[in-house]
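# Structure assessment
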Amino acid sequence: MAGTAGRAAKAMRAGHQASAGELLELVRSGRATTRGALQQATGLSRATVGQRLDRLFRAGWLREGAGGPVDSPQGGRPSITLEFDDEHAVVLAADLDTRHGRAAVVSLSGEIQAEHHGSLRIEDGPDAVLGELGRWFAELLEKAGQRADAVCGIGIAVPGPVDTDTGKVVQPPIMPGWDGYDIRGRLGRAFAEHAGIESAGGATGAGVTRSDARIPVLVDNDANLMAYGEQRTGYPDCSAFALVKVSTGIGAGMVVGGSIYRGVDGGAGDIGHIRVGADALCRCGSYGCLAAVASGGAVARRLAESGVPATSGSDVRDLLTAGHPEAMALAREAGRQVGDVLATVVTLLNPGVLMIAGDLAGTPFLTGVRELLYQRALPRSTAHLDVVTSRLGERAGLVGAGALVVEYLYAPERVEERLAALGV
């Protein structure tokens, strides 16, 4: 919300008449939660505010809460507070890794109502994976006691770079067969099929309502959505937040000014393919990438070469949990290699929080990161830096995916489009 909360105020300072969508944003952000406060914030008349709010009430998006304090020194009745009604719809969220997936029904306030985790191999291809995910969604709705027509949107995190305008992954190193695939359309159809909906669209256009079969599907990189979920829930006041996910591959997500920073075409944060001078062959086809020497996959490969059964980052995680000495030593070494690269990232971005997440995010790896990071980065860049591990754990991507959908659907301009489609 931090990235959008000021838009209504800026528009109103420019002489713009606040819309119903902008009033809803003021209520959701907590900046104005009574009719009087909305009048004061927008400069609209009491009658106009009432008309705008009436549309939101008829859509089922606002509700009245308890009475607030009396604003006038002469006394009188307490002001009735206004609240965003987070029970009028739900979001479906999914987070895909290379060998498993996680899906959930998420409330509009971010509460996970039902969740499933299971084997889902990216290498089986998008048609099979998304088809199975559609089945999971339908079963989770039943488990959560929700109807299919309560779903207002779907968010999905994938382990590859995403063009968010099209929802397609672009040349993903660890997602064979997914390059340019229509994830939105396939997942929408799969959910519709298993949930008994006549049709569901991958489009993210306007007019998506509880009774509309065209459910928007939003796709983003997993590290981006993990960073978004963690920043919003644990560090909402941090204006520059960075998360590094180290699992089978390595990726980073950044939230700057309350919004995900993606770069010009979704390629920001792909630090796993920064060259570090080694001669190891990376899955992207190049030599010397950071992911080729310091990812969970790279550590698993070195363990396997020494006779320890490991094939992926999740295998390394299990070994670290069990206190396996060789796995712990290699994880610390990998942390040092990643920390060397992060010294440059921290100097460039100057974040307030650097979060380490993923399969390797434990004490040995974190120790290695800190050793090189504080050794190589300028003291000015780390003076106010907190280096931490994930708070949400394996749910971070789900929370971020849910939040992405909610912020998309309830942005002021989209609220106006959806209200018009509802005829209110």
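Now for a look at the structure at hand.

What counts and how
Residues numbered from 1 in each chain as written. Predicted model: local features only at pLDDT ≥ 70, side-chain atom pairs only at ≥ 80, totals over all residues. Heavy atoms only, no water. Helix = DSSP H or I, 4+ residues; strand = E, 2+ residues; numbered from the N terminus. Buried < 20%, exposed > 50% of the residue type's maximum accessible area, 1.4 Å probe, protein only. Contact = heavy atoms within 4.5 Å. Areas by Shrake-Rupley, 256 points an atom, 1.4 Å probe, with all protein chains shown as cover. Pairing = 2+ DSSP bridges. Expected span 1.5 Å × (residues − 1). Phe/Tyr/Trp six-rings, centres within 6.5 Å; stacked < 30°, edge-to-face > 60°. Lys NZ or Arg CZ within 6 Å of the ring centre and 35° of its normal. Salt bridge = Lys/Arg side-chain N within 4 Å of Asp/Glu carboxyl O. Axes fitted to C-alpha atoms, helices over the stretch in contact; angles between N-to-C directions. Lys, Arg positive; Asp, Glu negative; His and termini not counted.

### A short note on the overall build of the chain
Broken down by element type, the chain carries 15 helices and 14 strands. Among the 424 residues that make up the chain, the fraction classed as buried is 55%. Counted over contacts in the chain with a minimum sequence separation of 6, partners at least 24 positions apart contribute 60%. Here the chain displays about 18000 Å² of accessible surface, and carbon together with sulfur accounts for 47% of that area.

### Observations regarding the pairing of strand β13 (residues 353–357)
Counting buried positions over the 5 residues of β13 gives 5, a clear majority of the element. Both faces of β13 are covered, namely the face carrying Val-353, Met-355 and Ala-357 and the face carrying Leu-354 and Ile-356. Inspection of the sheet shows strand β10 (residues 240–246) paired to β13 by 5 bridges, in the parallel sense. When the bridges of β13 are listed, Phe-241 appears paired with Val-353.

### Quick word on helix α12 (residues 363–376)
Along its 14 residues, α12 runs 20 Å from first to last C-alpha, staying within 8% of the 20 Å computed at 1.5 Å per residue. For α12, the full list of buried residues reads Pro-364, Phe-365, Leu-366, Gly-368, Val-369, Leu-372 and Leu-373. For α12, the secondary structure elements touched by its buried residues are β10, α8 (290–294), α11 (325–349), β13 and β14 (386–389).

### A short note on the packing of aromatic side chains
One pair of aromatic rings is described through two measures. These are the centre distance and the angle between the planes. Per the stated rule, a full pass over the model turns up 4 aromatic pairs. Each ring, one from Tyr-235 and one from Phe-241, has its centre 5.7 Å from the other, and the planes form 40°; the classification is tilted. The exposure classification of Tyr-235 matches that of Phe-241, with both residues buried. Through a chain of ring-to-ring contacts, three or more aromatic side chains come together here, namely Trp-61, Phe-84 and Tyr-410. Looking at Arg-28, its charged tip hangs above the ring of Phe-84, at a distance of 5.1 Å from the centre. One cation-aromatic arrangement involves Arg-418 over Tyr-410; the distance from NZ or CZ to the ring centre is 4.9 Å.

### A few points about the pattern of salt bridges
Oppositely charged side chains can form a pair if their charged atoms are brought close together. In this structure the tally under the stated criterion is 27 salt bridges. Between Arg-63 and Asp-85 there is a salt bridge, with its nearest N and O atoms 3.2 Å apart. In this pair, Arg-63 sits in strand β1 (residues 62–67) while Asp-85 sits in the loop between β2 (80–84) and β3 (90–96), placing the two residues 22 residues apart along the sequence. A residue is classified by how much of its surface remains accessible, and Asp-85, at 16% relative accessible area, is buried. Between Asp-149 and Arg-147 there is a salt bridge; the shortest N-O distance is 3.0 Å. Residue Arg-147 is classed as exposed on the basis of its relative accessible area, which comes to 59%. Salt bridges sharing common partners tie together Arg-102, Glu-115, Arg-317, Asp-318, Asp-359, Glu-394 and Arg-395.

### Quick word on helix α7 (residues 222–234)
With 13 residues, α7 extends 18 Å from end C-alpha to end C-alpha; this agrees with the ideal 18 Å at 1.5 Å per step. Of all 13 residues in α7, 11 are buried; the element is thus mostly enclosed. Restricting attention to buried positions, one finds in α7 the residues Asp-222, Ala-223, Asn-224, Leu-225, Met-226, Ala-227, Tyr-228, Gly-229, Glu-230, Gln-231 and Gly-234.

### Some points on the sheet that holds strand β11 (residues 250–256)
One open sheet accounts for 5 strands, arranged β12-β11-β10-β13-β14; its pairing is mixed. Of all strands in the sheet, those bounded by a partner on one side alone are β12 (259–261) and β14. The average undirected angle you get between the axes of adjacent strands in this sheet is 25°. Across 7 bridges, the pairing between β10 and β11 is antiparallel. Its bridge partner lying in β11, Val-246 is registered against Ile-250. Each of β10, β13 and β14 touches α12; the most contacted strand, β14, lies at about 165° to it.

### Some points on the side chain of Asp-222
Here Asp-222 lies in helix α7. Taking relative accessible area as the criterion, Asp-222 reaches 7% and is therefore assigned buried. Ignoring any residue separated from it by four or fewer positions in sequence, one finds Asp-222 in contact with Asp-95, Leu-96, Ala-157, Val-158, Pro-159 and Lys-245.

### Overview of the side chain of Asp-95
In this structure, Asp-95 sits in strand β3. One buried charge, Asp-95, has no salt-bridge partner; the nearest side chain with opposite charge is Lys-245, at 5.0 Å. The contacts of Asp-95, once residues within four sequence positions are left out, are His-100, Gly-101, Arg-102, Ala-157, Asp-222, Glu-394, Gly-397 and Leu-398.

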